[in-house]
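Okay, here's what each chain looks like letter by letter:
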Amino acid sequence: MQPAQQNSDITPADVRRALIENGYRYVPAKGKGPIIKDWPNFSQRPEQIDGYLRKHADHQNTGVLTGDIVAVDVDAPDAAIADQLIARLMAIPGAKRAPYRVGKAPKCLFIFKATEPRRKASTGEYLIGGSKCQVEILGQGQQFVAYGNHAETGLPYVWSNGEPLSIPLHDLPEITPDAVDAFLADADAILAKAGTPMKKKSEPRQQGRGADTFWQRVNSAALDNTDSWVPSLFSSARKEAGTGAWRITSKELGRELEEDLSIHHDGIQDFGLEQSETPLSLVEKWGGAPSPKDAAFWLCERLGRDPADFGWQQRELGVRMTLGSLSRTPAAANDDVADDDDDHDHEEPTAALPQSTGLPEHLCFPPGAVGDFARFIVSCARFPSPHLSLVASLAFTAGLIGRRYKGPTGLRSNIYVVGLAESGFGKDITIRASAALADSTDYGDKVSEWLFMDQIRSLPGLTNKLRKSPSSVCIQDEFGRWLADHTGRNVATHRAEIATALMELTGAPQGFWGGQEKAAGNIARIVAPCFTIHGVSTPSTFWNALSSGNISEGLLGRLVLIDVGNAEPVKVRRPAGSIENIPPTLSDQVAGLLGLSAGRFTGPFFALNAKSDEKPHPIMTAEWAPGVDDLFEDFDDRIRGMRKTVDPQYRPILNRVGENAARLALIVAVGCDPKEPVITREIQEWANTVAEHSLHVILRGATDNIADNDRAAEYLRVRQQVVRRGQSGITLRDIVKNLRGSIDKRRLEDILAMLRQAREIHLARLTVESGQSKVRFWSAESLPDAAVIIPLESG
């Protein structure tokens, strides 16, 4: 091997530029890792390096992201054991060329180029010579510190056999998943022979609500898979690279304490209150679950498991659960029933609990007028939906502030926001409440007459409304049905022109729209129109209206989709609020957003004075608070960077996500302070999260539902049967039962084979604790770690 190399004179900025040039992805590190939100997606633009060094001055070490790189971390303080492990590693072809880094000898870390990116893997932890010894394989979503000073020794890391600054990523020796797995198996055997396991599997990880009860089983399963539920419960949670623990700061929890809440697979600790928690107690405390049963069912849903898997009585199966959606007193759990799972004798339910894709409920109430309006709408509903209330509130506020405000990127408040919800979610009250709020000022119903337009039925109708009111909101009920009538290749020309007009109007507030010949006649020129859509649709109607052509045409990417998910509204017999009695504080907010001054509707800034043939004046700009521009730009860069990983047909959608986030932030910022709007970090983080939620709804919905012919639709339908079962998996018998003969046997066999060949699903065998063996289909993302895939040629 080459002599050790130590780069003590090179600056962190030079290190990071060199890493980028050699194809690596760097991340600033403090000690052993980064303490930066969303660090796995850290910007890799060289021109931003100096700025980030100033911004994160305490992050002087430099880490390298793994994924395309496989890092083999030999964490063995015992020199003899380390030598044995390294000798076994050197047996892998090309390993003798692998650069390796030492921070605290004899521990060391080797790097390879991945032939196939994979997740983290590791041996067990063993006690040898009084010290913990283990081998870890760092994969996707992780990092290792490559340059800087070791947190314990205080000395620089030292590279041997080359280093990332001199060896481009593509020149690293390659390592295959099979080689990694074989090495790990042998490494575990070496460690087991020399030491004793540090963990006793028989001991429960956390105290449950009884000895081996339903509650404890749910808690244990949730601790085993924190990734499935923590981000939904705490949208600001960040996962630490080194420990794998999720962290939520006290500030993000809205409390005046200094210490964090830590959620780790070994347990949950609230360091601020100095007390332990369980997953169930967190969901009750922070998720608003009204009872332990509701919290448990919500966790089961996130885990993709049936409550019966943990011993709940069979009669409770089939209940769909979202936080706060049930208030009945829970029935006692049948904690003594064994989990009998014989594929031949045990009848399963025909449908499992689907995972919710809904926006986390606490995000439905952003600060300022938008959140206040949404809360009021919820208070007036017999079947309240925070999600649809947010849709109404955003569109209403966007229309009120109209053409008179712009964000720091020049974008205005015009937004196309669509709520996806099944029937029975109380959408009517959201529409009527918006009109009631509009009419609650001294100016009466003239505000709603000016602001709202009828559903879009023709291009002349749309044009005439914008000529009268250049800032308008269209409430489009059953938006999916409208899409079906106005998009696609075979729609009538006059209808296709309306869809084209909607795409044109997204950029019109910065210029003008019209002044050109259309099929329906000459369209008058309208200066800076600010057109907003408040849409509602059932998910099935919405997705069935689309084809793959709609993705590339661009309209889909212009929509902000807010998905209700599985949250079923609970009937409120006597709502606390009433649209007949608007609180004066809300009326004052409406008036302030309209530009009312001292109780009189006067001056050019008053929204109702807007004229379609005149440029709006004055225009107020909402500025970013210090540092928030970096937050927005990093988010935009990260989303645009997904172009390399998503299906090429979805790339046009990525370009619109940042624009949607900018519009959302502007609307909320003006709602907080119409006179001096400022986009704070809290507002921009909220906007980024909602815009990214919309992106994921679009990507998942398009992938799962958009089919251009009957055969593609059958393919997607079979895949959904497997995906919906999550980690429970599904038997062939249940797939056939659920399809009810709509797909013949031979065609079904072909589809299952294609899905397996594409690695979208797997047929696998899983042995459970009782010793019984399950043979089921699992989606690729839900395949249990212990499941053994059955090769296609074998089954």
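Residues numbered from 1 in each chain as written. Predicted model: local features only at pLDDT ≥ 70, side-chain atom pairs only at ≥ 80, totals over all residues. Heavy atoms only, no water.

1. Concerning the sheet that holds strand β1 (residues 26–29)
On the basis of which strands lie adjacent, the open sheet formed by three strands has the order β1-β2-β9 and antiparallel pairing. A strand with exactly one partner marks an edge of an open sheet, and here the two such strands are β1 and β9 (143–147). Between one strand axis and the next, the sheet turns through 40° on average, direction left out of account. In the packing of helix α1 (residues 12–21) onto the sheet, the strands contacted are β1, β2 (61–65) and β9, and the crossing angle to β2 comes to about 15°. (Pairing = 2+ DSSP bridges. Helix = DSSP H or I, 4+ residues; strand = E, 2+ residues; numbered from the N terminus. Axes fitted to C-alpha atoms, helices over the stretch in contact; angles between N-to-C directions. Contact = heavy atoms within 4.5 Å.)

2. Brief notes about the environment of Ala395
By the element assignment, Ala395 lies in helix α10 (residues 386–401). Using a relative accessible area of 0% as the deciding quantity, one classes Ala395 as buried. Distance from Ala395 to His534, taken between C-alpha atoms, is 5.6 Å for residues 139 residues apart in sequence. (Buried < 20%, exposed > 50% of the residue type's maximum accessible area, 1.4 Å probe, protein only.)

3. A few points about the sheet that holds strand β26 (residues 530–537)
Strands sit in the order β20-β21-β26-β19-β27 across an open sheet of five strands; the sheet is parallel. Where the open sheet ends on each side, the last strands, each with one partner, are β20 (452–453) and β27 (559–563). Where strand β21 (residues 471–476) meets β26, six bridges bridge the pair, whose relative direction is parallel. Looking across to β26, one finds that Ile475 is bridged to His534. Contacting β19 (416–420), β20, β21, β26 and β27, α10 runs over the sheet at an angle of about 165° to β26.

4. With respect to the packing of helix α3 (residues 79–89) against helix α4 (residues 177–194)
Close contact between α3 and α4 brings their axes to 10 Å; oriented N to C, the two are set at 160°. The orientation of α3 with respect to α4, classified from their angle, is roughly antiparallel. Note on packing geometry: the crossing formed by α3 with α4 is right-handed. The segment α3 lies against α4, with Ile81, Gln84, Leu85, Arg88 and Leu89 engaging Ala182, Phe183, Asp186, Ala187, Ile190, Leu191 and Ala194. Within the contact of α3 with α4, the residues separate by chemical class into nine nonpolar, one polar and two charged. (Parallel < 35°, antiparallel > 145°, perpendicular 65-115°, else oblique. Left-handed = near helix turned anticlockwise from the far one by under 90°. Nonpolar A, V, L, I, M, F, W, Y, C, P; charged D, E, K, R; others polar.)

5. Side note on the packing of helix α21 (residues 681–705) against helix α22 (residues 710–723)
Interaxial distance between α21 and α22 falls to 8 Å at its minimum, and their mutual angle equals 120°. When the interaxial angle is binned, α21 and α22 end up oblique. Contacts between α21 and α22 pair Thr703, Asp704 and Asn705 from the former with Leu716, Arg719 and Gln720 from the latter. The class makeup of the residues in the contact of α21 with α22 is one nonpolar, three polar and two charged.

6. Side note on a positive patch on the surface
Where like charges cluster on the molecular surface, the positive patch consists of Arg382, Lys571, Arg573 and Arg574. Its place among the elements puts Lys571 in the loop between β27 and α18 (584–594). For Lys571, a relative accessible area of 47% translates into the label partly exposed. (Patch = residues over 30% accessible without salt bridge, like charges linked within 9 Å, V, L, I, M, F, W, Y side chains within 5 Å. Areas by Shrake-Rupley, 256 points an atom, 1.4 Å probe, with all protein chains shown as cover. Salt bridge = Lys/Arg side-chain N within 4 Å of Asp/Glu carboxyl O. Lys, Arg positive; Asp, Glu negative; His and termini not counted. Charge placed at Lys NZ, Arg CZ, Asp CG, Glu CD.)

7. Topic: α10
A rise of 1.5 Å per residue sets the reference length of α10, with its 16 residues, at 22 Å; its end C-alpha atoms lie 22 Å apart and thus fit the reference within 8%. By the criterion of burial, α10 is predominantly enclosed, with 16 of the 16 residues buried. Just beyond α10, the residue with positive phi is Gly402, at close to 50°. (Expected span 1.5 Å × (residues − 1).)

8. Points about the pattern of salt bridges
The final tally for this structure, using the stated rule, is 28 salt bridges. When the shortest N-O distance is used, the salt bridge between Arg17 and Asp50 registers 2.9 Å. Pair noted here: Arg17 is in helix α1 and Asp50 is in helix α2 (residues 49–55), with a separation of 33 residues, a long-range link. A relative accessible area of 27% means that Arg17 is categorised as partly exposed. The class of Asp50 is partly exposed, set by a relative accessible area of 35%. Put simply, Asp734 and Lys737 hold a salt bridge, and the shortest N to O gap is 3.5 Å. Of this pair, Asp734 and Lys737 both sit in helix α23 (residues 732–739), three residues apart, which is roughly one turn of that helix. Asp734 sits in the buried class, given a relative accessible area of 0%. Residues participating in the shared-partner salt-bridge network are Arg725, Arg733, Asp734 and Lys737.

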